[in-house]
Amino acid sequence: MMFGPWGNEDEADSVRIIHRALDAGINFVDTADVYSAGVSEEIVGKALKDRREDVFLATKFFMPMDQDDPNQRGGRRRWIIRAVENSLRRLGTDHIDLYQVHRPSPETDVSETLGALSDLVHQGKVRYIGSSSYSGSQIVEAQWVSRERRMERFVTEQPPYSLLVRGIEEDVLPTVRRHGMGTLTYSPLAGGWLSGRYRKHATEGPASAARPRARFDMSAPANQRKLDAVEQLAGLAEKAGLTLIELAVAFVINHPGVTSAIIGPRTMGQLEAFLPAADVTLSSDVLDAIDEIVPPGVTVNPVDNSYGDFALRADQRRR
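To keep things clear, this report deals only with the structure shown in the data block. (Residues numbered from 1 in each chain as written. Predicted model: local features only at pLDDT ≥ 70, side-chain atom pairs only at ≥ 80, totals over all residues. Heavy atoms only, no water.)

Counting its secondary structure elements, the protein chain contains 10 helices and seven strands. The globule rule puts the C-alpha radius of gyration for 319 residues at 20 Å, and the 19 Å found for the protein chain is close to it. When the backbone C-alpha atoms are referred to their principal axes, the protein chain occupies close to 55 × 50 × 40 Å. For the protein chain, with 319 residues in total, the buried portion stands at 52%. For the protein chain, the share of sequence-separated contacts (at least 6 apart) that also reach a separation of at least 24 residues comes to 78%. Only carbon and sulfur atoms are counted for the fraction: they give 48% of the accessible area of the protein chain, which is about 15,000 Å². (Helix = DSSP H or I, 4+ residues; strand = E, 2+ residues; numbered from the N terminus. Rg over C-alpha atoms; globule rule 2.2 N^0.38 Å. Buried < 20%, exposed > 50% of the residue type's maximum accessible area, 1.4 Å probe, protein only. Contact = heavy atoms within 4.5 Å. Areas by Shrake-Rupley, 256 points an atom, 1.4 Å probe, with all protein chains shown as cover.)

Next up on the list: the pattern of salt bridges. Enumeration over the complete set of coordinates arrives at 14 salt bridges. A salt bridge links Glu-169 to Arg-166, with the nearest nitrogen and oxygen atoms 3.0 Å apart. Like Arg-166, Glu-169 is buried. One continuous salt-bridge network, built from bridges that share partners, spans Asp-23, Arg-51 and Asp-54. (Salt bridge = Lys/Arg side-chain N within 4 Å of Asp/Glu carboxyl O.)

Turning our attention to unusual backbone geometry. Phi is positive for Ser-36, close to 50°, though the residue is something other than glycine. Assignment of secondary structure puts Ser-36 in the loop between strand E1 (28-30) and helix H2 (39-47). Residue Ser-36 is classed as buried on the basis of its relative accessible area, which comes to 5%. Although it is not a glycine, Ala-190 adopts a positive phi angle of roughly 55°. Structurally, Ala-190 is set in the loop between strand E6 (182-186) and helix H7 (221-239). Owing to a relative accessible area of 13%, Ala-190 belongs among the buried residues under this scheme.

Turning our attention to the environment of His-122. Relative to the helices and strands, His-122 resides in helix H4 (residues 110-122). His-122 gets classed as exposed once you look at its relative accessible area, which sits at 59%. C-alpha separation for the pair His-122 and Glu-152, spaced 30 residues apart in sequence, amounts to 9.2 Å.

Turning next to the packing of H2 against helix H3 (residues 77-91). Packing of H2 against H3 leaves a shortest axis separation of 7 Å and a crossing angle of 45°. Judged by the angle between their axes, H2 and H3 are oblique. Of H3, the residues touching H2 (which contributes Glu-41, Glu-42, Val-44 and Gly-45) are Ser-87, Arg-90 and Leu-91. For the contact of H2 with H3, the per-class residue count stands at two nonpolar, two polar and three charged. (Axes fitted to C-alpha atoms, helices over the stretch in contact; angles between N-to-C directions. Parallel < 35°, antiparallel > 145°, perpendicular 65-115°, else oblique. Nonpolar A, V, L, I, M, F, W, Y, C, P; charged D, E, K, R; others polar.)

Attention now moves to the sheet that holds strand E4 (residues 126-132). Reading across from one edge, E1-E2-E3-E4-E5-E6-E7 is the order of the seven strands in this open sheet, with parallel pairing throughout. Sheet topology places E1 and strand E7 (260-262) at the edges, where each strand pairs with a single neighbour. Adjacent strand axes in the sheet meet at a mean angle of 30°, parallel and antiparallel pairs treated alike. Here E6 pairs with E7 via three bridges, running parallel. When the bridges of E7 are listed, Thr-185 appears paired with Ala-261. (Pairing = 2+ DSSP bridges.)

Considering all chains together, one arrives at six aromatic pairs under this definition. A ring pair is formed by Trp-6 and Tyr-35, whose centres lie 5.8 Å apart and whose planes are at 55°; its orientation type is tilted. With Trp-6 in the segment before helix H1 (11-23) and Tyr-35 in the loop between E1 and H2, the pair connects residues that are 29 residues apart, well separated along the chain. Geometrically, the ring pair formed by Tyr-161 and Phe-251 is tilted, given 5.6 Å between the ring centres and 40° between the ring planes. Of the two residues, Tyr-161 is situated in the loop between strand E5 (154-158) and helix H6 (172-178) and Phe-251 in helix H8 (residues 244-253); the sequence distance between them amounts to 90 residues. The same class applies to Tyr-161 and to Phe-251, which are both buried. Taken together, the aromatic side chains of Phe-28, Phe-56 and Tyr-128 make up a single cluster linked through ring pairs. (Phe/Tyr/Trp six-rings, centres within 6.5 Å; stacked < 30°, edge-to-face > 60°.)

Attention now goes to the pairing of strand E2 (residues 56-61). Extensive coverage of E2 is indicated by the burial of five of its six residues. Regarding topology, H2 serves as the crossover connection from E1 to the parallel E2, and that connection is right-handed. With four bridges joining them, E2 and strand E3 (residues 96-101) adopt parallel strand pairing. Of the residues in E3, the one forming a bridge with Lys-60 is Gln-100. Following the backbone out of E2, through H3 and into the adjacent parallel E3, one traces a crossover that is right-handed. (Right-handed = clockwise from strand over helix to strand, strands pointing away.)

Here it is as structure tokens:
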């Protein structure tokens, strides 16, 4: 997400970061058409020009690609067929290993989305399909529809998960595991909150235009609670001989229900700070201490969950 105008506008540097990740043993790259309005996919395509077979390549569709055109968004067949061709062209490849719907669509029957995606698999343009930010019930519905109508099924779910955003532990993670899906969690640093950048008395906003500024309103009570938790987690990391980043990423990838943690470096330095976490195993004492700071299943600021918000909108509630 950080390659392009949303983050790092130096294309050559972004390519170097991707190559360094591949050289370090990372073999899964996830992007989306909406990231920097397609520029991220173009950069990834250039970086993988001679290394395509080294990578399991994933991208996503659904978010608006043109704010003024309602036909360039969503989970309907018409847009999916067009969106995949656009992504294939930008990525410079003839197939996408994992094609994911970026968000569930309350206006579109999931069978229409699954039907279009199944056709893409049968055509060889897509190898597997996945979902992102689905609730537990939406995951179950999609699996049921796939089985009943003999369609391709979502084999992965991509939810937010971090030390500060643990909501998926209560429902999403158990549901995904029951259905034998992979879990590709995103934002292990909680949008930068666990990078060490935001500590007590912090006043600065997000480092990237891709981050909603409201989530970095330090006067909000929920964000004050996040700052308190970050202070305690930073102290715990230091006591364990780790950086806060290493603690955060290791916490995510050590969960038995998590397949991988998607990291989003903007600079080479940020990538290098992530890499050591792959070899960190957290002790039971450290995990217990984490649970004391942020209990299992708890998201300190509920707006960080990024799923379930539709059902709680005023027009969907009884009052």
